[in-house]
Amino acid sequence: MDKINLEPAIEIIERENSHKGSLIPTLQKIQETYGYLPDQVLNILSKKTGIPASQILGTATFYSQFRFKPVGKYVIKVCHGTACHISGAEQISDVFRDLLGIKEGETTDDGLFTLENVACLGCCSLAPVVMINETTYGRLNPSKINKIIKEYKKRG
Ligand code: FES
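We now turn to the structure provided with this report. Please read these numbers as outputs of a predicted model, since none were measured by experiment.

1. Topic: unusual backbone geometry
Working step 1: Looking along the chain, the bond that leaves Ala127 and enters Pro128 is cis, with omega of -5 degrees.
Working step 2: Its location among the elements puts Pro128 in the loop between strand S2 (113–118) and strand S3 (130–132).
Working step 3: One non-glycine residue, Asn133, lies in the positive phi region at around 50 degrees.
Working step 4: Among the structural elements, Asn133 can be located in the loop between S3 and strand S4 (135–137).
Working step 5: On the basis of neighbour count, Asn133 is assigned to the exposed category, with 11 C-beta atoms found within 10 Å.
Working step 6: Unusually for a residue other than glycine, Arg139 sits at a positive phi of about 45 degrees.
Working step 7: With respect to the helices and strands, Arg139 occurs in the loop between S4 and helix H7 (142–155).

This is the structure:
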């Protein structure tokens, strides 16, 4: 199990509890801090709130926004909404899978990239669209993707 700093989690849990916050905002804040929901933190949340760990996990897995594994430095979200689907989102995903050697939900061994599928990113006129962290890339094709990945690798 990875060693993580639990202090921020304890602060979040105590603060949210004192405001009688519900579980979802607490989980959101934990994910904002750690990038995912670490097991150790969910155990602490269970102890402090008295909510069984299985119930917390059941709630969290219901929402696709929550992740249970650490993510890479760059999170690649390939849009699979209708417009992007029609414009070849599946081929776009193929190119990323080939280039990075990972499937959706996985992270490259160097910890740089995580690949995800998402629903409409809200800029359908640019289909097919991908978001890498906060940056949007539109009208993608394999050679554009190649260039983009090379640039991110150079940045490290
Ligand atoms: S369907 Fe991809 S941005 Fe809307």
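2. Some thoughts on the environment of Glu11
Working step 1: If you trace the backbone, Glu11 turns up in helix H1 (residues 7–18).
Working step 2: Note: C-alpha distance between Glu11 and Asp98 (87 residues apart in sequence) is 41 Å.

3. Digging into the packing of helix H3 (residues 39–49) against helix H4 (residues 53–62)
Working step 1: Orientation of H3 relative to H4, taken along the N-to-C sense of each, is 120 degrees, at an axis distance of 9 Å. One element, H3, and the other, H4, form an angle in the oblique class. By crossing handedness, the relation of H3 to H4 is classed as right-handed. Between H3, through Leu42, Asn43, Leu45 and Ser46, and H4, the contact on the second element is made entirely by Ala53, Ile56 and Leu57.
Working step 2: Residue classes in the contact of H3 with H4 are distributed as 5 nonpolar, 2 polar and no charged.

Conventions adopted
- Residues numbered from 1 in each chain as written.
- Predicted model: local features only at pLDDT ≥ 70, side-chain atom pairs only at ≥ 80, totals over all residues.
- Helix = DSSP H or I, 4+ residues; strand = E, 2+ residues; numbered from the N terminus.
- Buried ≥ 20, exposed ≤ 12 C-beta atoms within 10 Å, placed from the backbone.
- Axes fitted to C-alpha atoms, helices over the stretch in contact; angles between N-to-C directions.
- Parallel < 35°, antiparallel > 145°, perpendicular 65-115°, else oblique.
- Left-handed = near helix turned anticlockwise from the far one by under 90°.
- Contact = placed C-beta atoms within 7 Å.
- Nonpolar A, V, L, I, M, F, W, Y, C, P; charged D, E, K, R; others polar.

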